[in-house]
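Take a look at the letters that make up each chain.
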Amino acid sequence: MQQSTHNGRLVVVAAPSGAGKGTLLKRVREQLPNITVTVSATTRPPRPGETDGVEYFFYSPEEFDRLIAENALVEWAHVHGERYGTLKSELDRVLRGDNIVIFELDVQGMRHIKRLYPDAVSVFIAPPSMEELERRLAGRGTNNAEDMALRLKNARGEMSARLEFDYVVVNDDLARATAELIAVVRGEARSTKIP
Ligand code: ADP
Ligand code: 5GP
């Protein structure tokens, strides 16, 4: 793919579910105007308040099968029992501008985008502890018990992949973590890795 057509930075953000990625990215977007976050395709049903084309493009499993068959996805992965992927049309859209582009992906998606775009910067959002992650997931209240257990189980695997990322931001204090993520997104972070 033609990385040369894009003038902005590419940033891949991944996190265990409930670590606060959505909360942090909302703050980053409020504070940095020149950010575009890609909208992924998914088979996951919309949560209350989610709108098709805003948080995700929502597809049935059959429609997602068709996207795969038509080669319409740059990458896709099974995550928490559903399928998620980046549409080629969405990648084309974000690469047309010169904004900083943020991809919210899982670890497999991060590896894929780094292969396509070696200059992309990857950042892992870590919870302060697994106990706090569980509290946050429960507090969000958008997942049933079975889905929550799956997300917690997957979190352990995701945590063990965190050192594959260029940066690790621990989301303990929200204001501090936001500042740290903004520094990474703007290419101004000083440390190379915060384990
Ligand atoms: P994710 O997008 O990673 O799944 P969310 O952004 O939905 O996670 O956050 C999960 C829950 O944790 C939400 O209820 C959110 O308000 C809370 N949360 C996020 N960041 C913090 C923080 N730094 N301290 C305490 N609670 C937080
Ligand atoms: P949620 O169901 O909580 O919205 O998202 C679950 C996870 O799916 C995200 O945290 C992210 O790790 C992963 N994800 C979302 N979109 C994509 C995508 O386009 N590709 C890949 N590989 N993973 C994604």
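Remember, predicted model here, so these are calculated numbers, not experimental data. (Residues numbered from 1 in each chain as written. Chains lettered and ligands numbered in written order. Predicted model: local features only at pLDDT ≥ 70, side-chain atom pairs only at ≥ 80, totals over all residues. Heavy atoms only, no water.)

A. Representation of the side chain of His 80 in the model. Within the secondary structure, His 80 sits in the loop between strand 5 (73–79) and strand 6 (82–87). A distance of 2.9 Å separates a polar atom in the side chain of His 80 from a polar atom in the side chain of Asn 154. Not counting residues within four places of it along the chain, the set of residues in contact with His 80 comprises Ser 17, Asp 147, Leu 150, Arg 151, Asn 154 and Glu 158. (Helix = DSSP H or I, 4+ residues; strand = E, 2+ residues; numbered from the N terminus. Polar contact = N/O pair within 3.5 Å; in protein donor to acceptor, adjacent residues only side chain to side chain. Contact = heavy atoms within 4.5 Å.)

B. How the structure looks around the pairing of strand 5. Burial analysis of strand 5 places five of its seven residues in the buried class, which makes it a mostly covered element. Pairing geometry for strand 5 and strand 6, over six bridges, is antiparallel. The residue of strand 6 that forms the bridge with Glu 75 is Thr 86. (Buried < 20%, exposed > 50% of the residue type's maximum accessible area, 1.4 Å probe, protein only. Pairing = 2+ DSSP bridges.)

C. Fine view of the site of ligand 2. Ser 40, Arg 44, Tyr 56, Glu 75 and Tyr 84 are the nearest of the 17 residues found near ligand 2. In this structure, an oxygen atom belonging to ligand 2 sits 2.8 Å away from a side-chain N or O atom of Lys 21. Separating an oxygen atom of ligand 2 from a side-chain N or O atom of Arg 151 is a distance of 2.9 Å. Protein chains shield 95% of the accessible area of ligand 2, which is 510 Å² for the free molecule. Those elements that place two or more of their residues in the shell around ligand 2 are strand 5 and strand 6. (Near = heavy atom within 4 Å. Areas by Shrake-Rupley, 256 points an atom, 1.4 Å probe, with all protein chains shown as cover.)

D. Seen up close, the site of ligand 1. Around ligand 1 sit 13 residues in total, of which Gly 18, Lys 21, Gly 22, Thr 23 and Arg 140 are the nearest. Arg 136 is positioned with one of its side-chain polar atoms (N or O) 3.2 Å from a nitrogen atom of ligand 1. In the environment of ligand 1, a nitrogen atom lies 3.0 Å from a nitrogen or oxygen atom belonging to the backbone of Asp 172. Among the elements of the structure, helix 1 (21–31) and helix 5 (130–140) are those that each provide at least two residues to the shell around ligand 1. Residues that form the shell around ligand 1 fall into these classes: three nonpolar, six polar and four charged. (Nonpolar A, V, L, I, M, F, W, Y, C, P; charged D, E, K, R; others polar.)

E. Representation of the sheet that holds strand 5 within the structure. Pairing is mixed in the open sheet, where four strands are placed in the order 4-3-6-5. Edge positions in the sheet fall to strand 4 (56–58) and strand 5, since each of these pairs with one other strand and no more. Averaged over all neighbouring strand pairs, the angle between strand axes comes to 25 degrees, with direction disregarded. Where strand 3 (residues 40–42) lies against strand 6, two bridges are found, and the strand directions are antiparallel. When the sheet's bridge partners are listed, Ala 41 is paired in strand 6 with Gly 85. In the packing of helix 2 (residues 61–69) onto the sheet, contacts are made with strand 3, strand 4, strand 5 and strand 6, and the angle to strand 6 comes to roughly 40 degrees. (Axes fitted to C-alpha atoms, helices over the stretch in contact; angles between N-to-C directions.)

F. Just the sheet that holds strand 2 (residues 35–37), in detail. The five strands are arranged 2-7-1-8-9 in an open sheet whose pairing can be described as parallel. Each edge of the sheet is formed by a strand with only one pairing partner; in this case those strands are strand 2 and strand 9 (167–170). On average, adjacent strands in this sheet sit at an angle of 25 degrees to one another, irrespective of strand direction. As paired strands, strand 1 (residues 10–14) and strand 8 (residues 121–126) are joined by four bridges and run parallel to one another. Bridged to Val 13 within strand 8 is Val 123.

G. Representation of the packing of aromatic side chains in the model. Tallying each qualifying case throughout the model produces four aromatic pairs. Centroid distance Phe 64 to Trp 76: 6.2 Å. Interplanar angle 75 degrees. Geometry classified as edge-to-face. Of this pair, Phe 64 sits in helix 2 while Trp 76 sits in strand 5; the two residues are twelve residues apart in sequence, bridging distant segments of the chain. Phe 64 sits in the buried class, given a relative accessible area of 0%. (Phe/Tyr/Trp six-rings, centres within 6.5 Å; stacked < 30°, edge-to-face > 60°.)

Honestly, that's just the spatial picture; any functional story needs more than this.
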